[in-house]
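Structure assessment
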Amino acid sequence: MFKNAIVKRPGKSLSEGITSAPELGKPIYELAIKQHDAYIEALKATGVTVTVLEADERYPDSCFVEDTAVITRNCAISTNPGAGTRNGEAQEMLPTLKKFFADEDIEYIKAPGTLEGGDVMMVGDHFYVGRSARTNEEGIRQFIEILERRGLSGSEVPLEHVLHLKTGVNYIENDTMLVSGEFVEKPDFARFKKIIIPEDEAYAANCIWMNGKVIVPEGYPVTTERIREAGYEVIITDTSEYKKIDGGLSCLSLRF
Ligand code: CIR
């Protein structure tokens, strides 16, 4: 069960966030704020207490707090984001992590290692880590070493096309994963039940399981139906402005 979520308000500089899809246009700040309000309400509806941090205009992508830390059941791991314009975001998250974790229970990924939380998928006590343009071999080595020291485990998943691991695969408990594209056939996930996300709904592979409910982005009817058919209560929330800069539902919070 998750008890807490941490989110950070988007700033006006959101329009300068990194994107692989400039053809979608720039995020509209006012709409992004409304969607963020609704996202917070969706999280609250799953029973968690939400810590809301103020916007930081210096970092256009800083509402995507998931990338700044990985929180496990016995420690928080402060990351070292591989995107140059985002690297300082991990440092900014530290005072908040310290409200929940003692200093000795905060671990750090250090240069030359890089790692972003969007590349980490938690399945019980095991953590899958995507090797991406943002997360390198040394970052993964440090991360797995920390996990093993803490009685947890991790394994590397090579990525081909996606930005982050969780762009294309997400665990929704009950041995079930949402998978799209390159993740449908990955041997790493052979043992799991899979809900296959159609190519034209690929963005919706990034949903979040929260205490028995699944939060799903608005506008993906096939995915929504398949998740319902699998027995989950679904909460739908619109993330259109975040999608414009490659941000999904999971990216917008830390959940623990
Ligand atoms: C970036 O490129 O870093 C942001 N525009 C999107 C980050 C998405 N975060 C995530 O998948 N965890």
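What this report covers is the structure whose coordinates are included nearby.

Cut-off values and rules
- All residue numbers refer to positions counted from 1 along the written sequence of the respective chain.
- Side-chain atom pairs in this predicted model are given and counted only at pLDDT of 80 or more, local residue features only at pLDDT of at least 70, and totals for whole chains, interfaces and linings cover all residues.
- As a rule here, side-chain values come from all non-hydrogen atoms in the structure, and water together with hydrogens is ignored.
- Nearness is judged by heavy atoms alone; a residue qualifies as near a molecule or strand once a single heavy atom is within 4 Å of it.
- Contacts described as polar in this section are N or O atom pairs within 3.5 Å, which, within protein, must combine one atom able to donate a hydrogen with one able to accept it, while residues neighboring in sequence count only if both atoms come from side chains.
- For the exposure calls, accessible area comes from a 1.4 Å probe over protein chains only, and a residue counts as buried if that area is under 20% of its type's maximum, exposed if over 50%, partly exposed in between.
- Secondary structure elements follow DSSP: runs of H or I of four or more residues count as helices, runs of E of two or more count as strands, with numbering from the N terminus.
- Strands were regarded as paired on the criterion that DSSP finds at least two bridges between them.
- By definition, the crossover connecting two strands over a helix is right-handed if that path, from the first strand to the second, turns clockwise as seen with the strands pointing away from the viewer.
- Grouping buried Ala, Val, Leu, Ile, Met, Phe, Trp, Tyr and Cys residues that are joined through side-chain atoms within 4.5 Å yields what is termed a nonpolar core.
- Axis geometry follows a simple rule: fit a line to the C-alpha atoms, using only the stretch in contact for helices, then measure angles between N-to-C directions, giving values from 0 to 180 degrees.
- Residue contacts follow a heavy-atom distance rule, with two residues in contact if any of their heavy atoms lie within 4.5 Å.

**So, the site of the ligand**
Among the 13 residues in the neighbourhood of the ligand, the closest are listed as Ile18, Asp61, His164, Ile245 and Cys251. One of the side-chain nitrogen or oxygen atoms of Glu66 is found 2.9 Å away from a nitrogen atom of the ligand. The contact in question runs from a nitrogen atom of the ligand to an N or O atom on the backbone of Ile245, over 2.7 Å.

**Re the pairing of strand E13 (residues 213-217)**
The element E13 is extensively covered by neighbouring structure, given that four of its five residues are classed as buried. Pairing between strand E12 (residues 208-210) and E13: three bridges, direction antiparallel. The partner of Trp209 across the bridge, within E13, is Val214. Taking the residues that link successive antiparallel strands as the turn, the E12-E13 hairpin has two residues, and the phi of Asn211 there is positive, at about 50°. One ladder, built from five bridges, connects E13 with strand E14 (residues 233-237); its direction is parallel. If you follow Lys213 over to E14, its bridge partner there is Glu233. On the question of chirality, the crossover connecting E13 to the parallel E14 by way of helix H5 (residues 221-229) is right-handed.

**Here we look at the nonpolar core**
Leu43, Val214, Ile215 and Ile227 are the most contacted members of the largest nonpolar core, which has 34 residues in total. Every element with two or more residues in this core is listed here: strand E1 (4-8), helix H1 (29-44), E12, E13 and E14. Among the elements that line this core, the one with the most residues is H1, at five residues. Formed by 14 residues, the second largest nonpolar core is a distinct cluster that contains Leu115, Val129, Phe143 and Leu147.

**Concerning the sheet that holds strand E8 (residues 153-158)**
Either a parallel or an antiparallel arrangement is found when strands of a sheet pair, and the pairing is made through backbone hydrogen bonds. One open sheet holds the three strands; their spatial order is E6-E7-E8, and the pairing between them is mixed. If you trace the sheet from one side to the other, it starts and ends with strand E6 (120-123) and E8, each paired once. Along the sheet, successive strands turn relative to each other by an average axial angle of 25°, direction set aside. Lying on the sheet, helix H3 (residues 137-149) is in contact with E6, strand E7 (126-131) and E8; it crosses E7 at an angle near 175°.

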